[in-house]
Structures are given as C-alpha cells and as structure tokens.
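One letter stands for each residue in the lines below.
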Amino acid sequence: MSRPALHPAFHDIAKRVNNWGRWGADDEIGTLNLITDEVVRKAAATVRTGRRIPLALPLREDGVQTGLIPGRVNPLHVMVQINQEIFGPGTIACSDDAVTIGLQAATHWDALAHVSHSGKLYNGRPAHTITPHGGAEFSGIDKPRHIVSRGVLLDVARARGVDRLAGGHAVTPEDLDAAEELAGTRVRPGDIVLVRTGQIQTYLAGAKDTYGYPSPGLSVHTPEWFHARDVAAVANDTLTFEIFPPEIDDLWLPVHALDLVEMGMLQGQNWNLEELSTACGQEERYRFLLSAMPEPFVGGTGTPVAPVAIL
C-alpha cells in the first residue's frame, strides 16, 4: 500500500526554503556554514557587561519527558563507585557515576538527521543511512564541532503583551517581526534566534503533563522567515518546537522537516528563556554572544546542550 503524500502546502514551502547543494554536495552542517569567523568576531563585540545567563534545564529524573515518545527517557543517574580507594587502602578515593538519557530528553539540539521525509535527509541523503548500530552516517550531531554566534532573543510573548502564549497560538512571521521590533535589532545572517513563548513556565511550575500539549510553537510559515534572514539555528522554550497539535490536519512535525531536512537548520527545544527574558528587558538589549556547544556523540541525532548567553 502506498503512503499518503504530504500536504501540498508543505511541498510548496519546501521548494522555497530548500538549501540542498548550496554549500556543496558533501555538506553536512547546513546553515551553520553561515557562522563565519567574521560573524563570530562581531558576535563577541556584543558583550558589554559580561553577565552570563544559563539557558539549560537541570538534568533530573523527573525531567520534561512523560513517556509519550518511546525511548526518550529522562536522565537516569547512578553511582558506579563511591569513595573507592582504587589504588589500594589509604590512597586517594574516587567517586564516579553514569547516566542514561535520551539525547533529545532535556535542553537539546536536534541534529539535521533527526527527521526525514519522503525517504530523504538533508542534502538529499537517503534516510536509510541511519542504522541501528552506527546511528547517523551523515549530518549527525558530531559534525558541527562548535556553535558560537550572536544570539537574538525574539520575545514573542512580551511583544504580544502577555507572560505566556496560549496553547493554541501558532507563532507567525508577523509575530517574529513584532518581536524583532521589540528587540530593536534586525536578525542578520549567521545569527542564532531564540524564540520565547513562555510555555516552559508550565513545566517550571510542576505541570509537566500540560507542558507538551497543547503547546504554542512555530507556525509552518516561519521557516520562510528564517530562510530569508539566513538564520544559522533556532531554539525555543517548548517541548515540540512547533505548534502542537499542528495547524494543518494530519501534517505532523512539518516545521521539523522544513528546518532540518529542507533548509539544513539546527533547531533546539526545552531552552529555559525566562531569566534571559528578564535580563534583556532590564538592559533593553536583546542581542548577546551565545555559546551552545554540541556534545559530539558520533552518529547522534541530537545532543543535550547547556547554552549560555553572555550580555
């Protein structure tokens, strides 16, 4: 039995944002190519006070995952040795631990290989190149070796005059325009954009069952906005990144496919942007140096990340 085709609206947008071949047939990092040495040099110049804002959720067993996605487990932390004198009695003692975690379980980056559609990954690579033992042969999370650039907070919730967007709110290009105006800066090539909805407040308040559903998130029309601005990567403060349930019936995770597969743009989820929102509001400055280094899991389709914004 043949599979149903994706909605025509998806294919129309995909044609307009497709970056396959833009950086060569062998490219595996997509829009991260836009973060040049000059972009980083200019990003460093945004630092004024040195104020550092952490953006990651704590890694804990009662994290954001509820079991909805099979295998995506919250961190399971165990001690493997405690005060063990491994070189004999009276020697210096060591304590070691280990952790099992879904790589997309907490604050994370999605690798370009995280999703596929129509049998293809970014740059036209076959989806079957992801294997049980090797993981992602192409565009795994180990391929981008460093992610440091200018960050811009697009505080959509604040721009709309609310503390948190409603669960059914699809963040539109018009919302991004309004948040950009609030930020007082234009998003430029090589920037990493952080989109605040305020949704993570529900998790921080202990209501994690309603954190993921219903959730505000990016509209299927936002990839064209990011493509036009040559954004290097996008992250936000929700579980699903895009609005959930979706805008178009039976079209699940279209923004994932447009960003990761068609555009080759990394995206991040579960970023805690609350302290950053407060700091940016206080300083009336929404641009900063952002360090969001991926853990280089070879063949990984995602990675936990502990981003830091430096104002």
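Quick look at the structure, then. (Residues numbered from 1 in each chain as written. Predicted model: local features only at pLDDT ≥ 70, side-chain atom pairs only at ≥ 80, totals over all residues. Heavy atoms only, no water.)

### Digging into the overall build of the chain
- Scanning the chain from N- to C-terminus turns up eight helices and 15 strands.
- At 20 Å, the chain has a C-alpha radius of gyration in line with the 19 Å of a compact globule built from 311 residues.
- Projected onto its principal axes, the C-alpha positions of the chain cover 70 × 55 × 40 Å.
- Scored against the burial criterion, the 311 residues of the chain give a buried share of 51%.
- Taking the contacts inside the chain whose residues are at least 6 apart along the sequence as the reference set, 77% of them involve residues at least 24 apart.
- Accessible surface, the chain as shown: approximately 14400 Å² in total, 54% of it carbon and sulfur.
- When the 26 basic and 37 acidic side-chain charges of the chain are each reduced to a single mean position, those positions are 5 Å apart. (Helix = DSSP H or I, 4+ residues; strand = E, 2+ residues; numbered from the N terminus. Rg over C-alpha atoms; globule rule 2.2 N^0.38 Å. Buried < 20%, exposed > 50% of the residue type's maximum accessible area, 1.4 Å probe, protein only. Contact = heavy atoms within 4.5 Å. Areas by Shrake-Rupley, 256 points an atom, 1.4 Å probe, with all protein chains shown as cover. Lys, Arg positive; Asp, Glu negative; His and termini not counted. Charge placed at Lys NZ, Arg CZ, Asp CG, Glu CD.)

### Points about the packing of helix 6 (residues 222-229) against helix 7 (residues 254-263)
- It is the contact of helix 6 with helix 7, at a shortest axis distance of 9 Å, that shows an interaxial angle of 30 degrees. As far as their axial angle goes, helix 7 and helix 6 are roughly parallel. Contacts between helix 6 and helix 7 involve Pro-223, Phe-226 and His-227 from the former and Val-255, Leu-258, Asp-259 and Met-263 from the latter. (Axes fitted to C-alpha atoms, helices over the stretch in contact; angles between N-to-C directions. Parallel < 35°, antiparallel > 145°, perpendicular 65-115°, else oblique.)

### Remarks on the nonpolar core
- Of all hydrophobic cores here, the largest spans 34 residues; its most connected members are Leu-55, Trp-109, Leu-194, Trp-271, Leu-276 and Phe-288.
- Put simply, the parts of the chain that give this core at least two residues each are strand 9 (192-196), strand 11 (233-236), helix 7, helix 8 (274-283) and strand 13 (287-291).
- At three residues, the largest contribution of residues to this core is made by helix 8.
- Counting residues in each nonpolar core, the second largest holds 28 residues, with Ile-13, Val-171, Val-187 and Leu-218 among its members. (Core = buried A, V, L, I, M, F, W, Y, C linked by side-chain atoms within 4.5 Å.)

### Notes on the packing of aromatic side chains
- In total, this model carries five aromatic pairs according to the counting rule given.
- Relative to Tyr-211, the ring of Tyr-203 lies with its centre 5.9 Å away and its plane at 45 degrees, an arrangement referred to as tilted.
- On the basis of relative accessibility, which here comes to 11%, the residue Tyr-203 falls in the buried class.
- Between Trp-225 and Phe-226 the ring centres are 5.6 Å apart and the planes differ by 85 degrees, which places this aromatic pair in the edge-to-face class.
- Here Trp-225 falls in the buried class, since its relative accessible area comes to 8%.
- For Phe-226, a relative accessible area of 0% puts it in the buried group.
- Through successive ring pairs, a cluster of aromatic residues spans Tyr-213, Phe-244 and Trp-252.
- The positively charged end of Arg-125 is found above the aromatic ring belonging to Phe-138, 3.9 Å away from the centroid. (Phe/Tyr/Trp six-rings, centres within 6.5 Å; stacked < 30°, edge-to-face > 60°. Lys NZ or Arg CZ within 6 Å of the ring centre and 35° of its normal.)

### Comments concerning the pairing of strand 7 (residues 148-155)
- The buried fraction of strand 7 amounts to seven of the eight residues, a majority that puts the element mostly inside the structure.
- Of the strand pairs in this sheet, strand 7 and strand 9 are connected by five bridges, and their pairing is parallel. Within the sheet, the bridge partner assigned to Leu-153 lies in strand 9 and is Leu-194. (Pairing = 2+ DSSP bridges.)

### Some details on the sheet that holds strand 9
- Read across the sheet, nine strands follow the order 1-15-13-7-9-11-12-4-14 without closing on themselves; strand pairing throughout is mixed. Edge positions in the open sheet fall to strand 1 (52-54) and strand 14 (302-304), since each of these has one partner strand only. Ignoring which end each strand starts from, the neighbouring axes of this sheet average 25 degrees apart.
- The pairing of strand 11 with strand 12 (residues 266-269) spans three bridges and is parallel. Its bridge partner being in strand 12, Ala-233 is matched across the sheet by Leu-266.
- Docked against the sheet, helix 4 (residues 173-183) engages strand 7 and strand 9, running at close to 110 degrees with respect to strand 7.

### Observations concerning the packing of helix 1 (residues 8-17) against helix 6
- Across the interface, helix 1 lies against helix 6 with an axial gap of 10 Å and an inter-helix angle of 5 degrees. Between helix 1 and helix 6, the interaxial angle falls into the category roughly parallel. Where helix 1 approaches helix 6, its residues Ile-13, Arg-16 and Val-17 are matched on the opposing element by Pro-223, Glu-224 and His-227.

### Examining the pattern of salt bridges
- The tally for this structure, following the rule as stated, stands at 16 salt bridges.
- For Glu-38, the salt bridge goes to Arg-41, with nearest N and O atoms at 2.7 Å. Placement of the pair is Glu-38 and Arg-41 together in helix 2 (residues 37-44), with a separation of three residues, close to one helical turn.
- By relative accessible area, Arg-41 is classed as exposed at 52%.
- The closest approach of N and O atoms between Asp-155 and Arg-158, which form a salt bridge, is 3.9 Å.
- Judged by its relative accessible area of 0%, Asp-155 falls in the buried class.
- Here Arg-158 falls in the partly exposed class, since its relative accessible area comes to 33%.
- Connected through salt bridges with shared partners, the residues Asp-155, Arg-158, Asp-163, Arg-196 and Glu-274 form a single ionic network. (Salt bridge = Lys/Arg side-chain N within 4 Å of Asp/Glu carboxyl O.)

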